Amino acid sequence: MRSRIHRKGYRNRPLNERGKQGNRTRSGIRVRVDHVFGAQANDMGGVLVRTIGLTRAKVKIGLKNLAYNMRRLGQLRRLHPNPV
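Looking at an unreviewed UniProt entry, one finds the protein named DDE family transposase and attributed to Cereibacter azotoformans.

Here it is in structure tokens:
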């Protein structure tokens with residue numbers, strides 16, 4: 001297994017160039033996922049699922065994902081109105 005955690009520099013020991021490059025590589029992957037979770041947490045009612053039962057929780061999370069995907073589709077269509 002390989003660590004996917006960012007490296008950190010410390011006092012009087014800044015991060016070397018290899019560590020910085022590794023953090024850049026990890027950031028490119030993490031940003032795609034973190035933006036989705038951040039949008040759902042901040043814009044769509046937080047991170048808590050306040051339901052009773054696993055089935056209702058799954059439905060609520062599924063609807064939240066659907067709403068995010070629909071919103072994202074609208075954003076992409078505004079950016080690229082005529083797809084090739």
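Undergrad: What is the right way to look at unusual backbone geometry in this model?
TA: Generally, phi is negative for residues other than glycine and the peptide bonds are trans, each holding for most cases. Its identity as a non-glycine residue notwithstanding, Asn12 has a phi of 60°, on the positive side. Structurally, Asn12 can be placed in the segment before helix H1 (17-43).

Undergrad: I would appreciate a short explanation of helix H2 (residues 54-79) in the present structure.
TA: Residues lying three or four places apart along an α-helix face the same way, a consequence of the helix completing one turn every 3.6 residues. Relative to the 38 Å expected for 26 residues at 1.5 Å per residue, H2 spans 37 Å between its end C-alpha atoms, a close match to the ideal helical length. Within H2, burial applies to Ala57, Lys64 and Tyr68. Tucked into the core, H2 has its buried residues touching H1.

Here is what the cut-offs are and how they apply
- Residues numbered from 1 in each chain as written.
- Predicted model: local features only at pLDDT ≥ 70, side-chain atom pairs only at ≥ 80, totals over all residues.
- Heavy atoms only, no water.
- Helix = DSSP H or I, 4+ residues; strand = E, 2+ residues; numbered from the N terminus.
- Expected span 1.5 Å × (residues − 1).
- Buried < 20%, exposed > 50% of the residue type's maximum accessible area, 1.4 Å probe, protein only.
- Contact = heavy atoms within 4.5 Å.

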